[in-house]
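Understanding the architecture of this molecule
The primary structure of each chain is shown beneath.
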Amino acid sequence: IGIGDQAVKKVSSDILCVGDRQFRFDSIFDSKTSQEDIFQSVGVPLVKNALAGYNTSILSYGQSGSGKTYTMWGPPSAMFEEHSRESHKGIVPRIFQMLFSELEKEQRMSEGKQFNYQCRCCFLEIYNEQVGDLLDPTQRNLEMKDDSKNAMSLENLSEEYVTSYDDVTQILIKGLSSRKVGATTLNSKSSRSHIIFTLVIESWCKGTSTNGFSSSKSSRISLIDLAGQDRNKVDGAGRQCLRETKSVKKSLSQLGHLVGALTKETCSGKEVSNRNSCLTRLLHESLGGNAKLSVICSIYPDIKNNGETLRTLRFGQRVRSIRNEPVINEIKEDDVNDLSDQIRQLKEELIRAKADVRSSDGNKKGYLHVQNVRESLNNLRVSLNCSLLIPNIDNDTDDECGRGGHRGITPAD
Ligand SMILES: Nc1ncnc2c1ncn2[C@@H]1O[C@H](COP(=O)(O)OP(=O)(O)OP(=O)(O)O)[C@@H](O)[C@H]1O
Ligand SMILES: [Mg+2]
């Protein structure tokens, strides 16, 4: 949307002025910017970081009708290759087009190294403070637990395995078509819910050592499109509409508080604020956590929207000063050897404990011993703090021990 109005001026490649106030950003895009330009600036580095093993996020923020949804997804028809509207394709489908092309390239080039990967994704919406599954309309109110810090940690949220760009587009189109949409004064098809699409890439490289393992990486891509906030009065708004508007307003204001608390570097503020709403809790990793975050702030620079424009620019300014702590989520051969030793010891303990139980014939002490070993094993899994792809340690088919052995340790957060 054009910056034709005198209220907002782009004075240099990174400075925007509203009246006498200046705002600095990493990049400023105007009406001449194409979807491809935004992808090159924000999407390409995201894909490179995700492949390197970092968690990455994009948050699309701004006033209703300013172009958040358009920038993120573009029109669904534009997701199809060689479609006449392909140039409108949003940053998200472009990201997955590049991601799968890079993964396939790496696999072709790996030859002896045997590079392998697996991707799975989920798509949720937050509507009236309830988390719904966009891929399973029967799940409208998923339970948020204390440790629900990102979408992937929600129980009963569907997960789909995807192997190509086409797989992802089908899921995006299905999810977007289920999203709640309604009219605001500024947008006849306004998004009435916040949505988060998450894709996890797990990859591993086989080495030449005896256990055939070299390294394993796991990274999450989280793409967040917020609901539109419209402070103007909507004529004839029903009760449902009023409830929607109130919960959008409340969750966006909680988001503003969280950002404020994070910029003040007070840990207590951090903890209190992100518990307040489903949105802030699910953004725990993206805001102030283990992720590289890009925020796209969209404005609708019309003189009558000056208040909203200033609010958006101030949010962008504040969020820019948050310091996240991204790390490469990689497990190397040495780590695996240590963990393999620990798992082997625990397995031995478990076998001994089981033997104790049998010999004590129902003796409670033996049962407790097994419980303790189980707990230790679970603690070990939790302490890994990321999704792991560990090779089989041996051919033990024991139920208790085999489960975490191959590639199934669930993420701890
Ligand atoms: N850069 C653009 N080029 C062409 N059309 C655009 C552009 N940005 C937005 N639009 C169009 O403007 C309208 C509003 O955009 P969009 O729905 O993306 O806004 P939004 O910020 O998501 O609003 P809401 O917060 O209400 O959901 C849509 O019809 C969209 O196609
Ligand atoms: Mg929208």
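Residues numbered from 1 in each chain as written. Chains lettered and ligands numbered in written order. Predicted model: local features only at pLDDT ≥ 70, side-chain atom pairs only at ≥ 80, totals over all residues. Heavy atoms only, no water.

Turning next to the state of the cysteines. Simply put, disulfide is the name for a covalent bond between the sulfur atoms of two cysteines. Applying the stated criterion across every chain, the model contains 0 disulfides. Left without a disulfide partner, Cys122 is nearest to the cysteine sulfur of Cys121, which lies 7.1 Å away. (Disulfide = S-S within 2.5 Å.)

The next point concerns the nonpolar core. Most often, soluble globular proteins have nonpolar side chains that are buried together. Within the largest apolar cluster, 40 residues are counted, with the highest numbers of intra-cluster contacts made by Trp73, Phe96, Phe197 and Leu199. Of all the elements in the fold, those that place two or more residues in this core are helix H1 (35-52), helix H3 (91-110), strand S5 (115-127), helix H4 (165-178), strand S10 (194-205) and strand S11 (215-225). Per element, the largest residue contribution to this core is 8 residues, and it comes from H3. Within the second largest apolar cluster, 31 residues are counted, among which are Leu124, Ala151, Cys278 and Phe315. (Core = buried A, V, L, I, M, F, W, Y, C linked by side-chain atoms within 4.5 Å. Buried < 20%, exposed > 50% of the residue type's maximum accessible area, 1.4 Å probe, protein only. Helix = DSSP H or I, 4+ residues; strand = E, 2+ residues; numbered from the N terminus.)

This part covers the site of ligand 1. Every residue close to ligand 1 is listed here: Gln63, Ser64, Gly65, Ser66, Gly67, Lys68, Thr69, Tyr70, Asn187, Ser190, Ser191 and Gly228. One of the backbone N or O atoms of Gly67 is found 3.0 Å from an oxygen atom in ligand 1. Against a free-state accessible area of 640 Å², the protein chains account for coverage of 68% of ligand 1. Elements with a minimum of two residues in the shell around ligand 1: helix H2 (68-72) and strand S9 (190-191). (Near = heavy atom within 4 Å. Polar contact = N/O pair within 3.5 Å; in protein donor to acceptor, adjacent residues only side chain to side chain. Areas by Shrake-Rupley, 256 points an atom, 1.4 Å probe, with all protein chains shown as cover.)

The positions UniProt marks with the feature "binding site: ATP" (unreviewed entry) are Gly62, Gln63, Ser64, Gly65, Ser66, Gly67, Lys68 and Thr69. The residue Gln63 is located in the loop between strand S4 (56-62) and H2 in this model. You can call Gln63 buried: its relative accessible area is 3%. Once you skip the residues sitting within four places of it in the chain, Gln63 turns out to touch Lys68, Leu186, Gln229, Ser298, Tyr300, Asn305, Glu308 and Thr312. Position of Gly65 among the secondary structure elements: in the loop between S4 and H2. (UniProt positions renumbered as here; feature names shortened; annotations may be inferred. Contact = heavy atoms within 4.5 Å.)

Quick look at the coordination of the magnesium ion (ligand 2) now. Around the magnesium ion (ligand 2), the donor atoms from the protein are Thr69 (OG1) and Ser191 (OG), and they sit 2.0 to 2.1 Å away. With a gap of 122 residues between them, Thr69 in helix H2 and Ser191 in strand S9 connect regions that are remote in the sequence. Classification of Ser191 as buried rests on a relative accessible area of 9%. (Donors = N, O, S within 2.8 Å, 3.2 Å for Na, K, Ca; no water.)

Counting across every chain of the model gives 5 aromatic pairs. Between Tyr61 and Phe315, the ring centres sit 3.7 Å apart and the planes meet at 0 degrees, which makes this aromatic pair stacked. With Tyr61 in strand S4 and Phe315 in helix H8 (residues 306-320), the pair connects residues that are 254 residues apart, well separated along the chain. Classification of Tyr61 by relative accessible area gives buried; the value is 11%. Here Phe315 falls in the buried class, since its relative accessible area comes to 4%. Where Phe96 meets Phe197, the ring centres are 5.5 Å apart and the plane angle is 70 degrees; that geometry is what we call edge-to-face. Taken together, the positions of Phe96 in helix H3 and Phe197 in strand S10 put the pair 101 residues apart, joining distant regions of the chain. (Phe/Tyr/Trp six-rings, centres within 6.5 Å; stacked < 30°, edge-to-face > 60°.)

Our focus in this paragraph is the pairing of strand S6 (residues 130-133). The side chains of a regular strand alternate, residue by residue, between the two faces of the sheet. Bridge count for S5 against S6 is 4 bridges, and the pairing is antiparallel. Residue Glu125 lies in a different strand from S6, and its bridge partner there is Gly132. In textbook terms, the turn of a hairpin is the stretch between consecutive antiparallel strands, and for S5 and S6 this stretch comprises 2 residues, one of which, Asn128, has a positive phi near 50 degrees. (Pairing = 2+ DSSP bridges.)

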